[in-house]
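# Reading the structure
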Amino acid sequence: RLGRGRDRRLVLLVAIALQVQAAVFAPPLGVPFRVVTQRVQDDQSGRHRFRVERLVRFARDGLGYRAEVRVLQAEADPSAESSAMFQAGYSGLTGRTIVFRLDRAGTVVEIDDRAAIWAAFCDGIAAIVAVRRRGTEAERTALARRISAPLRALPAARQIETLGSLVEVLIAPEASEPHGARAVRLPAGSPFGAALM
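Let me begin by describing the structure that accompanies this report.

Before going further, it helps to spend a moment on the sheet that holds strand β2 (residues 46-61). Taken in spatial order, the five strands line up as β1-β2-β3-β4-β5 in an open sheet, and their pairing is antiparallel. The outermost strands of the open sheet, each flanked by one partner alone, are β1 (33-43) and β5 (108-111). Within this sheet the neighbouring strands show an average axis-to-axis angle of 35 degrees, counted without direction. The pairing of β1 with β2 spans 11 bridges and is antiparallel. Of the residues in β2, the one forming a bridge with V40 is R49. The strands touched by helix α2 (residues 83-91) are β1, β2 and β3 (64-76); relative to β3, the strand with the most contacts, the crossing angle is about 135 degrees. With respect to the sheet, helix α5 (residues 156-168) is in contact with β2, β3, β4 (97-102) and β5, its orientation differing from that of β5 by roughly 105 degrees.

Moving on, we get to the pattern of salt bridges. Considering all chains together, one arrives at eight salt bridges under this definition. We note a salt bridge from R51 to E53, for which the minimum N-O separation is 3.6 Å. The partner of R158 in a salt bridge is E161, and the shortest N-O contact between them spans 3.6 Å. Highlighted residues: R158 and E161, both in helix α5, separated by three residues, approximately one helical turn. Note on R158: relative accessible area 26%, which makes it partly exposed. Under the relative-accessibility criterion, E161 is labelled partly exposed at 49%.

To continue, consider the packing of aromatic side chains. Taken as a whole and judged by the stated rule, the model has two aromatic pairs. Aromatic side chains F33 and F58 sit 6.4 Å apart centroid to centroid with 75 degrees between the ring planes, which places their arrangement in the edge-to-face category. Taken as a pair, F33 in strand β1 and F58 in strand β2 lie far apart in primary sequence, 25 residues in all. Ring geometry for W118 against F121: centres 4.8 Å apart, planes inclined by 35 degrees, an arrangement best described as tilted. Taken as a pair, W118 and F121 lie in helix α3 (residues 114-132) at a separation of three residues, close to a single helical turn. In this structure, W118 and F121 share a single accessibility class: buried. The ring of Y65 carries the charged tip of R60 above its face, separated from the ring centre by 4.5 Å.

About the criteria used
- Residues numbered from 1 in each chain as written.
- Predicted model: local features only at pLDDT ≥ 70, side-chain atom pairs only at ≥ 80, totals over all residues.
- Heavy atoms only, no water.
- Pairing = 2+ DSSP bridges.
- Helix = DSSP H or I, 4+ residues; strand = E, 2+ residues; numbered from the N terminus.
- Axes fitted to C-alpha atoms, helices over the stretch in contact; angles between N-to-C directions.
- Contact = heavy atoms within 4.5 Å.
- Salt bridge = Lys/Arg side-chain N within 4 Å of Asp/Glu carboxyl O.
- Buried < 20%, exposed > 50% of the residue type's maximum accessible area, 1.4 Å probe, protein only.
- Phe/Tyr/Trp six-rings, centres within 6.5 Å; stacked < 30°, edge-to-face > 60°.
- Lys NZ or Arg CZ within 6 Å of the ring centre and 35° of its normal.

Right under this line is the structure:
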């Protein structure tokens, strides 16, 4: 009986050690990744594709990592209902290098110059909303403010979560598999907290 108890403890310790080992995040350092994320969405008007291309490079940063992400291109099927919002969100980020600070597990904990980057994100949404609506300039400006105001008011944690999706999509259980080109399906979220795939 004592031997069985010891065996169970040993099995438990081995299981814990395997979980810890599986959770290790160790990206290749200094190697640029070209990451293309494509989302296919079905709605009443048909099937639509959304595509984002970015360059990502990881480096050590104290006990964690730094990830430099440069959004190169964001495209949406123009016939999709959410095309304008998609393009609006990326319009303020495209061509900009964003520096993310990650902990040892690969979780984004901070973003360099977050306030300015978040403002650019919100400004992009406001600008596209204003351009795509009819009415007087004052009416378009008021609508743009009304739509972007809830985004501007999001707390820092939600801003980090939203912008962090640019790099965290790479940090998944598949990260320990051999590198190469492959399609993966990962959960994601909208700026307002809704679940997406």
